[in-house]
Structures are given as C-alpha cells and as structure tokens.
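# Residue-level structural notes
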Amino acid sequence: MRAYLALLGAGFRRQTTYRLAMVAGLVTNAFFGVVRTAIFLALYRERDQVAGLDLADALTYVWVLEGLFGVVWAVWFWELAESVRSGDFLVELLRPGDPYLRLLAFDLGRTLSVLAIRTVPTVAVAALVLPLRLPGTLGGLALLAASLVLAAVVGFQLRFLFAAAAFWTPDYRSMFMLVFPVLWLVSGFVIP
C-alpha cells in the first residue's frame with residue numbers, strides 16, 4: 001500500500017511541476033466556461049426551463065463539466081500508448097506488483113493535482129458569481145467526492161484501453177478517432 005501512496009504522491013508532484021501548463025489549463029477552462037455560460041444565459045433569457053433544467057442547473061452543469069474536463073480528458077492521454085510503441089512500457093512490466101494499479105495510482109495523483117489547481121478554483125469563482133446549485137450538505141459533498149473519484153477512475157480506464165490498442169494496431173489513434181465522437185456525445189459534453 002505504501003508503494004501506491006508513493007506513486008500517488010509522485011503523480012501529484014509531476015503534475016504540479018508544470019506550473020505554466022496548469023495555469024494555461026485553468027485559463028482555458030475559465031474561457032470556455034464563460035463562453036458556454038453566455039450561450040446558456042442567452043437561451044434562458046427566452047425560457048424558464050429547457051429540457052427540465054432551469055438556469056441554475058444549466059450553469060452548474062457547465063462549470064462542473066469545465067472543472068472535470070481536465071480530470072477525464074487528461075493532457076497525458078497518449079503517454080502510455082507512446083511508451084508501448086517505443087518499448088519503454090517493458091520497464092513497467094518488469095517492476096514488482098500490478099502494473100495497472102501502479103499506473104492508476106500515479107494517474108490519480110495527477111488527477112488530484114488537477115482537481116486542486118484547476119477544478120476547485122474554477123468552480124469556486126463561478127459559484128461566487130453565478131447561481132450554481134452545488135451540494136451544501138455533508139452527504140451531498142460525500143457523493144460529489146465519490147463521483148469525482150469514479151470519474152477519475154473511469155477516465156483512466158478509457159485512456160488505458162485506448163493506449164492498450166498500441167499493443168495490437170499499427171495506428172492506435174485510429175481506434176480513438178472512431179470512438180471519440182460517441183464518447184463526447186454520451187458523456188454529456190455536447191448535450192446535457
């Protein structure tokens with residue numbers, strides 16, 4: 001267990017090393033959050049509800065989505081696939097323990113960094129300015145934390161599966177390009 005906690009810390013430290021990239025990600029999330037907020041404000045100027053969502057629900061959706069974008073869609077998406085193609089992944093197979101759990105622990109460390117530096121500030125500032133409907137009870141916050149962990153694990157699993165395609169295909173990116181539009185649609189990124 002200590003090894004996995006050490007990997008979690010190493011992933012956190014590695015992600016926080018790239019400060020300019022984290023700031024750029026934060027600014028990008030804020031920019032697209034403002035753009036999507038403007039679109040929803042224009043839509044709700046004409047109606048009180050759209051598809052069962054009021055303005056507070058829609059804005060909460062926008063800002064939580066922007067906050068989670070860095071968690072689910074990680075900038076290190078192709079890192080594992082590239083290590084498979086180059087042969088560097090062999091080192092992971094030679095280390096003791098389960099390679100999947102080691103990679104997951106490292107990835108969760110990076111995700112914690114993204115949550116702390118990008119997600120929390122983005123959503124907190126949006127909540128100060130806009131009428132967001134965030135959980136206010138202890139049970140709601142616990143469910144939010146559980147859903148963040150689940151989103152991080154599912155995001156890692158999808159990245160791992162796409163990267164594993166590099167073992168069997170000459171062009172692992174083609175698998176992703178086939179599934180990518182479907183992922184964006186069913187994840188709720190395009191339509192709430």
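The structure we're discussing is the one just above.
Read on for an overview of the structure. (Residues numbered from 1 in each chain as written. Predicted model: local features only at pLDDT ≥ 70, side-chain atom pairs only at ≥ 80, totals over all residues. Heavy atoms only, no water.)

### Quick look at the overall build of the protein
Counting secondary structure elements, the protein contains eight helices and zero strands. Along the protein, helices and strands appear, N-terminal first, in the series α-α-α-α-α-α-α-α. By its C-alpha atoms, the protein is 60 × 35 × 30 Å across when sized along the principal axes. A buried classification covers 35% of the 192 residues belonging to the protein. The long-range fraction of contacts in the protein, counting pairs at least 24 apart against all pairs at least 6 apart in sequence, stands at 76%. Of the roughly 11,500 Å² of accessible surface on the protein, 73% is carried by carbon and sulfur atoms. (Helix = DSSP H or I, 4+ residues; strand = E, 2+ residues; numbered from the N terminus. Buried < 20%, exposed > 50% of the residue type's maximum accessible area, 1.4 Å probe, protein only. Contact = heavy atoms within 4.5 Å. Areas by Shrake-Rupley, 256 points an atom, 1.4 Å probe, with all protein chains shown as cover.)

### What about the side chain of T16?
On the secondary structure map, T16 appears in helix α1 (residues 2-17). A polar contact of 3.1 Å, which involves the side chain of T16, links it to the backbone oxygen of R13. Discounting chain neighbours no more than four positions away, the residues touching T16 are S113 and I117. (Polar contact = N/O pair within 3.5 Å; in protein donor to acceptor, adjacent residues only side chain to side chain.)

### Examining the environment of L112
Among the secondary structure elements, L112 is positioned in helix α6 (residues 99-129). What makes L112 partly exposed here is its relative accessible area of 41%. L112 sits 65 residues away from M177 along the chain, and the two C-alpha atoms are 27 Å apart. Sequence-distant contacts of L112, that is, excluding residues within four places in its chain, are made with L8 and F12.

### Comments concerning helix α8 (residues 172-186)
Given 3.6 residues per turn, any residue in an α-helix points the same way as the ones three and four places further on. Over its 15 residues, α8 runs 22 Å from end to end, which matches the ideal 21 Å to within 8%, given 1.5 Å per residue. Along α8, the sharpest kink reaches roughly 40°, centred on V179 and followed within four residues by the proline P181. (Expected span 1.5 Å × (residues − 1). Bend = angle between axes of the 7 residues up to and from the residue.)

### Description of the packing of helix α3 (residues 55-72) against helix α7 (residues 138-164)
Taken N-terminus to C-terminus, the directions of α3 and α7 make an angle of 45°; their axes are 9 Å apart at the nearest point. One way to sum up the angle between α3 and α7 is to call them oblique. Where α3 crosses over α7, the two elements pack in a sense that is right-handed. Residues L68, V71 and V72 of α3 touch α7, and the partners they reach there are L148, A151, A152, G155 and R159. A per-class count over the contact of α3 with α7 returns six nonpolar, one polar and one charged. (Axes fitted to C-alpha atoms, helices over the stretch in contact; angles between N-to-C directions. Parallel < 35°, antiparallel > 145°, perpendicular 65-115°, else oblique. Left-handed = near helix turned anticlockwise from the far one by under 90°. Nonpolar A, V, L, I, M, F, W, Y, C, P; charged D, E, K, R; others polar.)

### A closer look at the packing of aromatic side chains
In this structure the tally under the stated criterion is five aromatic pairs. For the ring pair Y100 and F156, a centre distance of 5.3 Å and an interplane angle of 55° mean the geometry is tilted. Pair noted here: Y100 is in helix α6 and F156 is in helix α7, with a separation of 56 residues, a long-range link. Here the aromatic rings of F156 and F160 are separated by 5.8 Å at their centres, their planes lie at 35°, and the arrangement is tilted. A residue pair is termed a helical-turn pair when its members lie 3 or 4 positions apart in one helix, as F156 and F160 do in helix α7 at four residues. (Phe/Tyr/Trp six-rings, centres within 6.5 Å; stacked < 30°, edge-to-face > 60°.)

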